[in-house]
There are 2 protein chains.
Amino acid sequence: MILINGESKNHIEISDRGFQYGDGLFETIEVRDGQAVFLERHLERLNSGCQRLHIPFLDTELLRCEAGRLCREWTRGQHSFRAVLKIIVTRGSGGRGYRQPDTIQPTRVLSLHPYPDYPQIYSEQGIVARICTSRLGLNPSLAGIKHLNRLEQVMARAEWNDSSIQEGLMLDFDEHVIEGTMTNLFYIKNNNLYTAILTQTGVAGIMRGVIMMLAADHGLSVVEHTFTKNQLLSADEVFVCNSIIGIWPVKQIERTYFSVGPVTRNIQIQLDRFINMELNNEQ
Amino acid sequence: MILINGESKNHIEISDRGFQYGDGLFETIEVRDGQAVFLERHLERLNSGCQRLHIPFLDTELLRCEAGRLCREWTRGQHSFRAVLKIIVTRGSGGRGYRQPDTIQPTRVLSLHPYPDYPQIYSEQGIVARICTSRLGLNPSLAGIKHLNRLEQVMARAEWNDSSIQEGLMLDFDEHVIEGTMTNLFYIKNNNLYTAILTQTGVAGIMRGVIMMLAADHGLSVVEHTFTKNQLLSADEVFVCNSIIGIWPVKQIERTYFSVGPVTRNIQIQLDRFINMELNNEQ
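Presented here is an overview of the structure given in this document. Not measured: the values here are computed from a predicted model.

### Looking at the overall build of chain A
Consideration 1: When helices and strands are tallied, chain A shows eight helices and 16 strands.
Consideration 2: Against the 2.2 N^0.38 benchmark of 19 Å for 283 residues, chain A shows a C-alpha radius of gyration of 19 Å, consistent with a compact globule.
Consideration 3: Counting only residues that meet the buried cut, chain A has 58% of its 283 residues in that class.
Consideration 4: Long-range contacts, defined as pairs at least 24 residues apart, comprise 73% of the intrachain contacts of chain A with a sequence gap of at least 6.
Consideration 5: Element-wise, carbon and sulfur atoms account for 47% of the exposed surface of chain A, whose accessible area totals about 11700 Å².
Consideration 6: Positive and negative charge centroids in chain A, built from 28 and 32 side chains respectively, lie 2 Å apart.

### A few points about the relation of the copies chain B and chain A
Consideration 1: Superposing chain B onto chain A takes a rotation of 180 degrees combined with a translation of 0.0 Å along the rotation axis, leaving an RMSD of 0.0 Å. Read as a symmetry element, the transformation amounts to a two-fold axis.
Consideration 2: Taken as a fraction of all interface residues of chain B, those also at the interface in chain A reach 100%, which identifies the copy contact as same-surface.

### Quick look at the pattern of salt bridges
Consideration 1: In the structure shown here, the tally under the stated rule is 26 salt bridges over all chains.
Consideration 2: The residue R64 of chain A makes a salt bridge to E40 of chain A at a minimum N-O spacing of 2.7 Å. Taken together, the positions of R64 of chain A in helix α3 (residues 60-76) and E40 of chain A in helix α2 (residues 39-53) put the pair 24 residues apart, joining distant regions of the chain.
Consideration 3: Exposure remark for R64 of chain A: the relative accessible area of 28% places this residue in the partly exposed category.
Consideration 4: Given a relative accessible area of 38%, E40 of chain A falls into the partly exposed group.
Consideration 5: One salt bridge connects R82 of chain B with E30 of chain B, and the closest N-O pair in it is separated by 2.9 Å. Here E30 of chain B lies in strand β4 (residues 24-32) and R82 of chain B lies in strand β6 (residues 82-90), a separation of 52 residues in the sequence.
Consideration 6: On the basis of relative accessibility, which here comes to 3%, the residue E30 of chain B falls in the buried class.

### What about the sheet that holds strand β6 (residues 82-90) of chain A?
All names here are of chain A.
Consideration 1: The six strands are arranged β2-β1-β7-β6-β4-β5 in an open sheet whose pairing can be described as antiparallel. With partners counted over all chains shown, the strands left at the sheet margins are β2 (7-8) and β5 (35-36), one partner each.
Consideration 2: As paired elements, strand β1 (residues 2-4) and β2 share two bridges and run antiparallel to each other. Bridging from a neighbouring strand, L3 pairs with S8 of β2.
Consideration 3: Packing of α2 onto the sheet brings it into contact with β4 (24-32), β5 and β6, and relative to β4 it is tilted by some 180 degrees.
Consideration 4: Contacting β1, β4, β5, β6 and β7 (107-114), α3 crosses the sheet at an angle of about 25 degrees to β7.

### Thoughts on the packing of helix α2 (residues 39-53) of chain B against helix α3 (residues 60-76) of chain B
Residue and element names in this part refer to chain B.
Consideration 1: Packing of α2 against α3 brings their axes to within 11 Å, and their N-to-C directions diverge by 135 degrees. In terms of orientation, α2 lies oblique with respect to α3. Handedness of the α2/α3 crossing: right-handed. Between α2 and α3, the contacting residues are L39, E40, L43 and L46 on the first element and T60, L63, R64 and A67 on the second.
Consideration 2: Residues that form the contact of α2 with α3 fall into these classes: five nonpolar, one polar and two charged.

### Some remarks on the side chain of Q270 of chain B
All names here are of chain B.
Consideration 1: Relative to the helices and strands, Q270 resides in helix α8 (residues 262-282).
Consideration 2: For Q270, a relative accessible area of 13% puts it in the buried group.
Consideration 3: Those residues in contact with Q270 that lie beyond four places of it in its chain are L214 and H218.

### With respect to the interface of chain B and chain A
Consideration 1: Between chain B and chain A, the contact holds 54 residues from the first and 54 residues from the second.
Consideration 2: When chain B packs against chain A, close to 4600 Å² is buried across both sides, 64% of that on carbon and sulfur atoms.
Consideration 3: If you sort the residues of chain B by the area they bury against chain A, F19, Y98 and L151 of chain B come out on top, with a joint share of 19%.
Consideration 4: The tally of links between chain B and chain A comes to zero salt bridges.
Consideration 5: Within the residue set of the side of chain B that touches chain A, elements represented by two or more residues are β1 (2-4), β3 (11-13), α1 (17-21), β4, α2, β6, β7 (107-114) and α5 (151-157) of chain B.
Consideration 6: The element contributing the most residues to the side of chain B that touches chain A is α5 of chain B, with six residues.
Consideration 7: The pairing of strand β3 (residues 11-13) of chain A with β3 of chain B spans three bridges and is classified as antiparallel. Within β3 of chain B, the position partnered with H11 of chain A by the bridge is E13 of chain B.

### Notes on the side chain of E30 of chain B
Consideration 1: At 2.7 Å, the side chain of E30 of chain B and the side chain of R32 of chain B are in polar contact.
Consideration 2: Within the structure, E30 of chain B has its side chain in polar contact with the side chain of R82 of chain B (distance 2.9 Å).

### As for the sheet that holds β7 of chain B
Residue and element names in this part refer to chain B.
Consideration 1: On the basis of which strands lie adjacent, the open sheet formed by six strands has the order β2-β1-β7-β6-β4-β5 and antiparallel pairing. Among the strands making up the open sheet, the edge pair consists of β2 (7-8) and β5 (35-36).
Consideration 2: Its contacts with the sheet place α3 against β1, β4, β5, β6 and β7, and it is angled at close to 25 degrees to β7.

### A few points about the packing of aromatic side chains
Consideration 1: Tallied over the entire structure, the rule returns 16 aromatic pairs over all chains.
Consideration 2: On the numbers, 4.9 Å between centres and 70 degrees between planes, the contact of Y187 of chain A with F227 of chain A is edge-to-face. Taken together, the residues Y187 of chain A in strand β11 (residues 184-189) and F227 of chain A in the loop between β13 (221-225) and α7 (229-233) connect sequence positions 40 residues apart. F227 of chain A shares its class with Y187 of chain A; the two are buried.
Consideration 3: Here the aromatic rings of Y187 of chain B and Y194 of chain B are separated by 4.9 Å at their centres, their planes lie at 20 degrees, and the arrangement is stacked.
Consideration 4: The structure contains a cluster of three or more aromatic residues connected by ring pairs, namely Y118, Y122 and W248 of chain A.
Consideration 5: Note that R157 of chain A overlies the ring of W160 of chain A, its terminal NZ or CZ placed 3.9 Å from the centroid.

### As for the pairing of strand β14 (residues 237-242) of chain B
Every regular strand shows the same layout, with side chains that alternate between the two sheet faces.
All names here are of chain B.
Consideration 1: Buried residues dominate β14, accounting for six of its six residues.
Consideration 2: Note: strand β11 (residues 184-189) against β14, five bridges, orientation antiparallel. If you follow Y187 over to β14, its bridge partner there is V238.
Consideration 3: Between β14 and strand β15 (residues 246-253), which pair antiparallel and follow one another directly, the connecting turn spans three residues.

### Describing α3 of chain A
All names here are of chain A.
Consideration 1: Spanning 17 residues, α3 covers 24 Å between terminal C-alpha atoms, matching the ideal 24 Å at 1.5 Å per step.
Consideration 2: Buried within α3 are the following residues: L63, E66, A67, G68, L70, C71 and W74.
Consideration 3: The inward-facing, buried residues of α3 abut β1, β4, β5, α2, β6 and β7.

### What to know about the environment of L214 of chain A
All names here are of chain A.
Consideration 1: With respect to the helices and strands, the residue L214 is situated in helix α6 (residues 206-217).
Consideration 2: Once the C-alpha coordinates of L214 and Q270 are considered, the two residues, 56 residues apart in sequence, prove to be 7.0 Å apart.
Consideration 3: If we skip the residues at most four places from it in the chain, L214 touches Q270, L271 and F274.

The rules behind the values
Residues numbered from 1 in each chain as written. Chains lettered and ligands numbered in written order. Predicted model: local features only at pLDDT ≥ 70, side-chain atom pairs only at ≥ 80, totals over all residues. Heavy atoms only, no water. Helix = DSSP H or I, 4+ residues; strand = E, 2+ residues; numbered from the N terminus. Rg over C-alpha atoms; globule rule 2.2 N^0.38 Å. Buried < 20%, exposed > 50% of the residue type's maximum accessible area, 1.4 Å probe, protein only. Contact = heavy atoms within 4.5 Å. Areas by Shrake-Rupley, 256 points an atom, 1.4 Å probe, with all protein chains shown as cover. Lys, Arg positive; Asp, Glu negative; His and termini not counted. Charge placed at Lys NZ, Arg CZ, Asp CG, Glu CD. Least-squares fit on C-alpha atoms with pLDDT ≥ 70 in both. Salt bridge = Lys/Arg side-chain N within 4 Å of Asp/Glu carboxyl O. Pairing = 2+ DSSP bridges. Axes fitted to C-alpha atoms, helices over the stretch in contact; angles between N-to-C directions. Parallel < 35°, antiparallel > 145°, perpendicular 65-115°, else oblique. Left-handed = near helix turned anticlockwise from the far one by under 90°. Nonpolar A, V, L, I, M, F, W, Y, C, P; charged D, E, K, R; others polar. Buried area = accessible area lost by both parts, 1.4 Å probe. Polar contact = N/O pair within 3.5 Å; in protein donor to acceptor, adjacent residues only side chain to side chain. Phe/Tyr/Trp six-rings, centres within 6.5 Å; stacked < 30°, edge-to-face > 60°. Lys NZ or Arg CZ within 6 Å of the ring centre and 35° of its normal. Expected span 1.5 Å × (residues − 1).

This is how it looks when you write it as structure tokens:
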């Protein structure tokens, strides 16, 4: 189920700058029982990404309608309860070389995918993570944006093929731990919640933002800072998150073991409640 | 005129990883009178790029045949003498998320485009360049490769719209001058030829390699090193190059003026001779 600029098809012109240069953005959204979770937050981030890349933003109402149309069709199709909605926005076709065309007509692609079959045990008992040797390059002008230039993540994810490892953690070239290949990373130390500053590199995930907000609302100190692998390994608790998996506690990073602690459990509970509340409000 | 995996069409599946993540490579090749200039060098670089990205390389003979087929059709079509051949190779479709599929079936896209209408005067009297504020991120594992993650160049090229400026020069985050948005950069000082080391960032252009070889063959010292904007501005001569434009002397960078000097002129002559010799050999 794919809509490209409102039409049901599954091909894109090769002249599209998304294909030529990775000149665009994307969002990956959980769909639960026909509803796109945190859709407004995702559309807001898409808008701010477009502003940073100077892509004229698409009609938000149109995106909302098309997302709703896909989700309703999915539900009617007697599919499973959950799915993944991906939205890609590119600078559209044309422009000789890197120079953008004088008139930009962005391309929007909305597609629905089966929910990945991650075992429930990952959320409950935690996952094993490794440290990737592939590093994240530094570039403040692109940092935080969920853009389509994702070779660094592809190269990092290609480092392992061992199905007992669920995520790879990535450092930047200054030896700071930033995030997972597909997740943001948090750790807890002395009851404070820490995560990386994303002004030089990384993707500022929607789930990361929600967790920071919920944690602060529930009295935790939330600190964005730069930290090393050793600081991470001395944490009390560690977890990763994204919009599809929610929160996965990390029980092991290489040879260091962590317990799935009370702070992570509490944030998981708050997050579940918050998502259910949001979904009920929208119904 | 486009061939996608050997078929004449102009659309690509949206599941192609080139579109999803910029997970691929490209080559831009001059076509003169039906012949692709330096085709073997381009195919060799494509091969080495595929190796670095762990994309199984396509059949070189197949690419050679398809390039020949496009070029012959172009010539038969009574088009102009020159054209541009673009080859894109991606990791193909599929793979959930960043993880690559177990079996990779690369996509190859060959397309022919009109030769850009750059005035002859650029080669003869030189161009005006500016210094971009957009910077090149550092990442040794991707440095030198002509991959599809080109947002940095897109952002840099979007910095100016003044048609009297033909190229923007880009620095990395260590304040080293690296290259132009679409060109490699050389400068001459005391009869030595200098260009940036491309082990941390940048694209190692085919034309750059040819020029380094020709200059060394003609007795010039060729030095790859790191240099600052001030070192560049104190040069005797400056030029930029790529596979389509050949060599453009730089006559002005912001408020600093350069003459089109004898070393640049000599390399232009050697390059012309070398290209003609290569094309005659292949006929």
